[in-house]
Amino acid sequence: MLQKAGFKEVEQVTETGFDSSPATQAMLFRARKLVLFDLGKNDPAVQDAMATYQSFFETVYAEGALDRKTKHLIALGASLAAGCEP
Amino acid sequence: MEEKITQKDRTRIQAGIRGKYRKVAQSPGGLFKYPTGRAGLEGLAYDPDQIKRLPEPVAASYCGVGNPFSLGPVNPGDAVLDIGCGAGVDTLIAALMAGPPGKAVGVDVVPEMLARAEENRRLTGIENASFQQASGEKLPFGDGSFDVVISNGVINLIPDKASVLKEAWRVLKPGGRLMIADQMLADAPPRDPAVRIDKWAQ
C-alpha cells in the first residue's frame, strides 16, 4: 500500500512488542519520497542509474559545512547563470 | 481487505474511536494492553534525555505502539507532521529535535486529545509545535510541506488507509521520509463484517 501511494525504499524495520491484541503485531515502517521519481520505472538499467544519481544528489545536498538551504541556493544560482531549462 | 466499508460503518468506526480516545485523553492508564505513559516511553526506548524533558502529566499521557524516531533522524530545521498526534508527545519530541528553525505540527480528529496536546505544549513551554483538528485522510497542507511525516499507532484506526498514505506522500517534500509505528493484522481479519467493525479500535 505504501508503494502504491508513491513511496520508495519501503522497509518493515522491526516489531516493537507493543501488540494491541493477540491478532495484531506492532511494527515499525519507514519509506521515502524520492527526489526524482517515475522515470524509466520498468527499465532496471535506468532504475539503477537513477538510484545512483539519487544517492549522489542526497550526498551533495546533505547538511555539512554549508547547510542544505545554502547549497540549494548556490545550485539555483549556478543553473540560472548556465541557462538551464527547468 | 477487499470488502467495502459503508458510510454507516465509517460513522460507527469514528464514533468508537472518538469514544475510546475521549477517555484516553484524560488518562491512557489501563486502557491498552501495553504500557503507556512514562513506562511506555521507556519500554519503547525513547531517548532518556527527551523523556526527562517531559513534565510528569505530559509523559503520563503517552500511548504509542513504537518509537518512530528510531527509524531515522529529525534534523534541525525540519518541518515534521504527526498524523494522529493524540496528546502530542511525539509532536513535542519532534519539535525539540527540529529546534527553533524547525517545527512540528500534530493533527488529530478527537477534540479532547487536541485539548490535551495544547495543555501538554503549555506545560513543556515548547513553542515550535502546533496542533490542529484534521484527519489523515484529508490533510490541510500544501504539497511538499514537510521533511518528515510520523505516525504512531493511528493508521490502523483509519478506514481509508490508502488515502492517508497518499496524503502523507503528497505533503512530503521530495526526499522526505515517512516513519510509522503501527499495528498489523497477524491473522486474517474476522470474517463477519460486524465483528470486524466492532474490533476496529480494540
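Model, not experiment: these values are computed from the prediction.

Comments concerning the nonpolar core
A general feature of soluble globular proteins is that nonpolar side chains tend to end up buried together.
Turning to step 1, where the next piece is worked out: Of all hydrophobic cores here, the largest spans 44 residues; its most connected members are B:Y21, B:L41, B:Y46, B:L54, B:F69, B:V80 and B:V89.
Turning to step 2, where the next piece is worked out: Elements supplying a minimum of two residues to this core: β2 (24-32) of chain A together with α1 (7-26), α4 (56-60), α5 (89-98), α6 (111-124), β3 (129-133), β4 (146-152) and β5 (172-185) of chain B.
Turning to step 3, where the next piece is worked out: Here this core takes six residues from α5(B), the largest share from any one element.
Turning to step 4, where the next piece is worked out: With sequence-adjacent residues up to four places away left out, B:V80 is seen in contact with B:V74, B:A94, B:K103, B:A104, B:V105, B:F146, B:V148 and B:I150.
Turning to step 5, where the next piece is worked out: A:F7, A:F29, B:V105 and B:V107 belong to the second largest nonpolar core, which has 27 residues in total.

What about the pairing of β2(A)?
Turning to step 1, where the next piece is worked out: Counting buried positions over the nine residues of β2(A) gives seven, a clear majority of the element.
Turning to step 2, where the next piece is worked out: Where β2(A) meets β5(B), nine bridges bridge the pair, whose relative direction is antiparallel. Bridged to A:L28 within β5(B) is B:A181.

What about the confidence of the model for chain B?
Do not read the fine detail of predicted coordinates wherever pLDDT is low.
Turning to step 1, where the next piece is worked out: Residues at a pLDDT of 70 or more form 90% of chain B, whose mean pLDDT is 89.
Turning to step 2, where the next piece is worked out: The complex model carries a pTM of 0.77, and its ipTM stands at 0.80.

With respect to the packing of aromatic side chains
Turning to step 1, where the next piece is worked out: Following the criterion strictly, the structure yields nine aromatic pairs over all chains and no others.
Turning to step 2, where the next piece is worked out: Ring geometry for A:F18 versus B:Y34: centroids 5.5 Å apart, planes at 35 degrees, classification tilted. Here A:F18 is found in the loop between β1 (8-15) and β2, whereas its partner B:Y34 is found in the loop between α1 and α2 (37-43) on a different chain.
Turning to step 3, where the next piece is worked out: On the basis of relative accessibility, which here comes to 8%, the residue A:F18 falls in the buried class.
Turning to step 4, where the next piece is worked out: Seen from their ring centres, B:Y21 and B:F32 are 6.1 Å apart, and the 45 degrees between their planes marks the pair as tilted. In this pair, B:Y21 is assigned in helix α1 and B:F32 in the loop between α1 and α2, connecting sequence segments eleven residues apart. Each member of the pair, B:Y21 as well as B:F32, carries the same accessibility label: buried.
Turning to step 5, where the next piece is worked out: Over the ring of B:W169 we find A:K33; its NZ or CZ atom is 4.0 Å from the centre of that ring.

Things to note about the sheet that holds β1(A)
Turning to step 1, where the next piece is worked out: Strand order in the open sheet formed by seven strands is β1(A)-β2(A)-β5(B)-β4(B)-β1(B)-β2(B)-β3(B), and the pairing between neighbours is mixed. In the strand order of this sheet, the two ends are held by β1 of chain A together with β3 of chain B, each with one partner. Averaged over all pairs of adjacent strands, the angle between strand axes in this sheet comes to 20 degrees, irrespective of strand direction.
Turning to step 2, where the next piece is worked out: Strand direction decides the pairing type here: strand β2 (residues 103-108) of chain B and β3(B), joined by five bridges, are parallel.

Some points on unusual backbone geometry
Turning to step 1, where the next piece is worked out: With phi around 50 degrees, A:E9 is a residue other than glycine that occupies positive phi space.
Turning to step 2, where the next piece is worked out: Checked against the element boundaries, A:E9 lands in strand β1.
Turning to step 3, where the next piece is worked out: Located in the positive-phi region is B:A45, a residue other than glycine, with phi close to 60 degrees.
Turning to step 4, where the next piece is worked out: Note that B:A45 resides in the loop between α2 and α3 (48-53).

Overview of the packing of α1(B) against α6(B)
Residue and element names in this part refer to chain B.
Turning to step 1, where the next piece is worked out: The N-to-C vectors of α1 and α6 enclose an angle of 20 degrees; their axes lie 8 Å apart at closest approach. Here α6 runs roughly parallel to α1, going by the angle between their axes. Of the two elements, α1 crosses α6, and the hand of that crossing is left-handed. Mapping the contact onto sequence places Y21, R22, V24, A25 and Q26 in α1 and E112, M113 and R116 in α6.

Regarding the confidence of the model for chain A
Turning to step 1, where the next piece is worked out: Looking at chain A, the pLDDT average stands at 84 and 90% of residues meet or exceed 70.
Turning to step 2, where the next piece is worked out: Averaged over each element, pLDDT in chain A is lowest for β1(A) (84) and highest for helix α2 (residues 68-82) of chain A (92).

Reading the values: rules and limits
- Residues numbered from 1 in each chain as written.
- Chains lettered and ligands numbered in written order.
- Predicted model: local features only at pLDDT ≥ 70, side-chain atom pairs only at ≥ 80, totals over all residues.
- Heavy atoms only, no water.
- Core = buried A, V, L, I, M, F, W, Y, C linked by side-chain atoms within 4.5 Å.
- Buried < 20%, exposed > 50% of the residue type's maximum accessible area, 1.4 Å probe, protein only.
- Helix = DSSP H or I, 4+ residues; strand = E, 2+ residues; numbered from the N terminus.
- Contact = heavy atoms within 4.5 Å.
- Pairing = 2+ DSSP bridges.
- pLDDT = per-residue confidence, 0-100.
- Phe/Tyr/Trp six-rings, centres within 6.5 Å; stacked < 30°, edge-to-face > 60°.
- Lys NZ or Arg CZ within 6 Å of the ring centre and 35° of its normal.
- Axes fitted to C-alpha atoms, helices over the stretch in contact; angles between N-to-C directions.
- Parallel < 35°, antiparallel > 145°, perpendicular 65-115°, else oblique.
- Left-handed = near helix turned anticlockwise from the far one by under 90°.

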